[in-house]
Each structure stands twice: as structure tokens, then as C-alpha cells.
Amino acid sequence: MKNVTLIPGDGIGPEVSQAVQKVIEAAGVEIEWEEANAGKGVMEEYGTPLPDEVLDSVRKNKVALKGPITTPVGSGFRSVNVAIRKKLDLYTNLRPVKTYEGAPTKFKDVDYVVFRENTEGLYAGIEHKVGEDAAESIKITTRQASERIVKAAFEYAQRENRKLVTAVHKANIMKLSDGLFLEVAREVAEEYPEIEFNDRIVDNMCMQLVQYPEEYDVLVMPNLYGDVISDLGAGLIGGLGLTPGANIGDEIAVFEAVHGSAPDIAGENKANPIALLLSGVLMLRHLKETDAADRIEAAVADVLAEGQTLTGDLGGNATTTEITEAIIDRL
Ligand code: NAI
Ligand code: MG
């Protein structure tokens, strides 16, 4: 029996997290879910969108599955999601970008993984006004944070039999900050001679990913570029309904989809649960439940390829419940 914290979240969060719980149970993995909610939905009861018991539960269980969270205005948080990543020092944001047959995209054979630095860069949150008509945002780059994210990317490449790691940067313009990131990436690459290493300037990377996405394998980059490149990836594979993610630290990991709370379809049984389900697959691999992870991923691939039971974002008219049942049937 494994203990996992469940943060259902806001909007479509409860619907898609319930779907994931059902599929994981049907796959025969026994999980003791400890529910601790955060977000807009708990603001009134707790006076904060991030009650201590949520962080305490994740620290205790070391693993969490998290639905999307809406950050309430006036709660004192810039983003509850960013706060969770920072407080738990989840420095790796891992976002696999992979095409499945039957997904609404013209691309094929895309299979790369984004490693986004999750704690600093332009998202360090240090901003101030300079007089009335100017503002500064400070971009922080440290050797320590750069080194651990690049190492995480190479360790993953080694473990998963990946061949190439590409560092993404703008070191030609930001010579000191991105220059340091690139310098550290080159140093770390030397420790992994069996894995090929190259680098791309971020704007060129965007063009390359649209023209030749199948040529890339593992990408590692500072925070802001990772945010942009991973949404580009979601576009390549058929949308946010299919794009999983994970936030990983040295001891704690929080698995969540890339998408938000989708207020436009919340509570209507229309949301695609696959993005969170594939995040659950990443969680099962992290928990060494490899067999169940493989079976769930194959069931998702079958349902997409068959094309009979698809949610609205994939061009069908199935409900969340129906696509979840279809996946369970294939298990
Ligand atoms: P969003 O991802 O919630 O929605 C964008 C569009 O994609 C909407 O049309 C939505 O219906 C659709 N969509 C998203 N997920 C879907 C799914 N699983 N199935 C079918 N359609 C789906 O992004 P938006 O509207 O910018 O943000 C809404 C709220 O979510 C905001 O409060 C934002 O701050 C929050 N958010 C939270 C995140 C997190 O918890 N990690 C990440 C991104 C946004
Ligand atoms: Mg984003």
C-alpha cells in the first residue's frame, strides 16, 4: 500500500482527479489517498488558498497528485502553484511531449521531454517599479540551480536510454546569466560522455521544434523558456488535454497536468482526464509501478487510436465519465 496526497484543486480538478483515481484502482495499484485541498475552493474555510496541512501531507507522503489550482485575487499569493513548487523545492519541472496516433495533430513520432528549471530565472518574483514609467524584473541564475537541473536531465537520459540532451538558452544576448547556464550545462555534459550534447538558442529552438520535432530527445532550460517551450509542445501533440507534467525535488514529487482549471467547462463532465492520467502514469513510474504504468498508457493509446470515445477537445463528444470508462475497459 502506498500513501499519496491528493490535491483535487479547482474547476475541472475534482472531475479529472476522480477519473485518475478510478483508472489507477482498476489497474490494480493499491493507493491510500490522503486528500488535502488547496486553491480557491478552500479559501473561505481556511482563510488561505494553501493551508499548512497540504504541505505537511505532501512532506509526509513524499508523493502527490495535484489538480489545477486557481489563485484567488487578494490571497497574498502571486500563484499558489508556484508557491507549492518553491516551498517544497521541486526544482525540476518535467514535461514529456509525445504524439499518440489518433490525437488531433499533423505531427508524428514526436517524443521529447522538457526539463524546466522551476525555482529561479525570471520567475524568481523579484520585481519593482522604477519611478512612474518603468519597471524592473530581476532574473536570477545560480550555478547550483543550473547544475542540479542539468544533472537531472542527464540522469533521466541515462535511465531512460535517451541519446541526446539539448540545452536551450539565449547566451548570445544574456551573456552572464544564460552564459552561466550554458557553461554549467557544458561542464555537466562532460560527465556523461555516452550521451550526445548540443545547445540551441531559444528562438531558433522554437522554429526547429515546429519544423523537425522528431529530432529532439531531452531539452533542458531556464524557467521562462521552459514555460513557453512546453506549451509549444502541447500544441504539437494535440492540446492541453493530453499534456502531462511533474514537479520533482530531491525527495518529493508532485504530479500535475500542464493545463489549468478550465473554468469554461468546469462541472460539466466535459474535461479530458488524459493529461492528468498521464501525469498519474509518471507518478506510477516514480513509485516503481512500471507494469501498471505501461498498461494504463497502452489503454490511453488504444482509446485515442480507436477514436470512438473522445472528449470535445479531441474532436469528439464523449463525457469525462465515458472516456474514463473506455480506458478502464481496455486495461
Ligand atoms: P486552462 O488550461 O484552464 O484552459 C485553457 C483552455 O484549454 C480552455 O478553453 C479550457 O477549456 C481548455 N482545457 C484545459 N484543460 C482541458 C482539459 N483537461 N480538457 C479539455 N479542455 C481543457 O488555462 P487558463 O484558462 O489560462 O487558466 C484557468 C485557470 O487555471 C487560471 O486561474 C490559471 O491561473 C489556472 N492555471 C493553473 C495551473 C496549475 O494549477 N498548474 C496551470 C495553468 C493555469
Ligand atoms: Mg505555462
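Residues numbered from 1 in each chain as written. Chains lettered and ligands numbered in written order. Predicted model: local features only at pLDDT ≥ 70, side-chain atom pairs only at ≥ 80, totals over all residues.

Looking at an unreviewed UniProt entry, one finds the protein chain named Isocitrate dehydrogenase, NAD-dependent and attributed to Acetohalobium arabaticum. Recorded in UniProt for the protein chain, the comment headed Sequence similarities (unreviewed entry) runs: "Belongs to the isocitrate and isopropylmalate dehydrogenases family." (UniProt positions renumbered as here; feature names shortened; annotations may be inferred.)

Caption draft 1: Layout of the overall build of the protein chain. Helix and strand counts for the protein chain stand at 11 helices and 12 strands. Taking 2.2 N^0.38 as the reference for a compact globule, 331 residues should give roughly 20 Å; the C-alpha atoms of the protein chain span a radius of gyration of 20 Å, in line with that estimate. Oriented by its inertia axes, the alpha-carbon framework of the protein chain measures out at about 55 × 45 × 40 Å. A buried classification covers 47% of the 331 residues belonging to the protein chain. (Helix = DSSP H or I, 4+ residues; strand = E, 2+ residues; numbered from the N terminus. Rg over C-alpha atoms; globule rule 2.2 N^0.38 Å. Buried ≥ 20, exposed ≤ 12 C-beta atoms within 10 Å, placed from the backbone.)

Caption draft 2: Quick peek at the UniProt feature "domain: Isopropylmalate dehydrogenase-like" (unreviewed entry) in the protein chain. Annotation from UniProt places "domain: Isopropylmalate dehydrogenase-like" (unreviewed entry) at residues 3-327. The span residues 3-327 carries 41% helix and 18% strand; its end-to-end C-alpha distance comes to 24 Å.

Caption draft 3: Structural view of the pairing of strand S10 (residues 218-221). Residues of S10 alternate between two faces, with Val-218 and Val-220 on one and Leu-219 and Met-221 on the opposite face, all of them buried. As defined by bridge partners, strand S5 (residues 111-117) adjoins S10 across four bridges and the pair is classed as parallel. Paired with Val-113 across the bridge in S10 is Val-218. (Pairing = 2+ DSSP bridges.)

Caption draft 4: Main features of the packing of helix H5 (residues 143-159) against helix H6 (residues 177-190). Interhelical geometry of H5 versus H6 gives an angle of 45° and a closest axis separation of 9 Å. Here H5 lies oblique to H6, going by the angle between them. Here the hand of the crossing between H5 and H6 comes out right-handed. When H5 is examined against H6, the residues Arg-143, Ser-146, Glu-147, Val-150, Lys-151 and Phe-154 are found in contact with a partner set consisting of Leu-180, Phe-181, Val-184, Ala-185 and Val-188. Residues of the contact of H5 with H6, tallied by class, amount to seven nonpolar, one polar and three charged. (Axes fitted to C-alpha atoms, helices over the stretch in contact; angles between N-to-C directions. Parallel < 35°, antiparallel > 145°, perpendicular 65-115°, else oblique. Left-handed = near helix turned anticlockwise from the far one by under 90°. Contact = placed C-beta atoms within 7 Å. Nonpolar A, V, L, I, M, F, W, Y, C, P; charged D, E, K, R; others polar.)

Caption draft 5: Structural detail: the nonpolar core. Membership of the largest hydrophobic core comes to 94 residues, with the highest contact counts inside it found for Phe-115, Ala-153, Leu-219, Val-220 and Leu-277. If one sorts the elements of this core by residue count, helix H9 (residues 274-286) sits on top with nine residues. Mapped onto the domain boundaries, this core takes at least three residues apiece from domain 1 (1-102 + 241-331) and domain 2 (106-237). Look past the residues within four positions of Ala-153 in its chain and what remains in contact with it is Phe-115, Val-165, Val-218 and Val-220. (Core = buried A, V, L, I, M, F, W, Y, C linked by C-beta atoms within 7 Å. Domains from an automatic or database assignment.)

Caption draft 6: Spatial organisation of the site of ligand 1. Pro-68, His-259, Gly-260, Ala-262 and Asn-272 are the nearest of the 20 residues found near ligand 1. Looking at the shell around ligand 1, its residues break down into nine nonpolar, eight polar and three charged. (Near = placed C-beta within 6 Å.)

Caption draft 7: Fine view of the domain arrangement of the protein chain. Taken as a whole, the protein chain is organised into domain 1 (1-102 + 241-331) and domain 2 (106-237). When each unit is reduced to the centre of its C-alpha atoms, the spacing between domain 1 and domain 2 is 24 Å. Ranked by residue count, the leading element in the side of domain 1 that touches domain 2 is strand S4 (residues 92-98), at seven residues. Of the residues in the side of domain 1 that touches domain 2, the class split is eight nonpolar, five polar and five charged.

Caption draft 8: Structural detail: the packing of helix H1 (residues 13-26) against helix H11 (residues 320-330). Relative to each other, H1 and H11 sit at 15°, their axes nearing to 10 Å. Looking at the two axes, H1 sits roughly parallel to H11. Once H1 is placed against H11, the crossing between them reads as right-handed. Between H1 and H11, the contacting residues are Glu-15, Val-16, Ala-19, Lys-22, Val-23 and Ala-26 on the first element and Thr-320, Thr-324, Ile-327 and Ile-328 on the second. Of the residues belonging to the contact of H1 with H11, the class tally is six nonpolar, two polar and two charged.

Caption draft 9: Expanded view of H6. With 14 residues, H6 extends 21 Å between its outermost C-alpha atoms, agreeing within 8% with the 20 Å of an ideal straight helix rising 1.5 Å per residue. Within the span of H6, buried status applies to Ser-177, Asp-178, Phe-181, Leu-182, Val-184, Ala-185 and Val-188. Summarising the axial view, the buried residues of H6 lie within an arc of 165°, below the 170-degree limit, and thus occupy one face. Each element contacted by the buried residues of H6 is listed here: H5, strand S8 (164-169), strand S9 (196-201) and S10. (Expected span 1.5 Å × (residues − 1). Arc of directions from axis to C-beta.)

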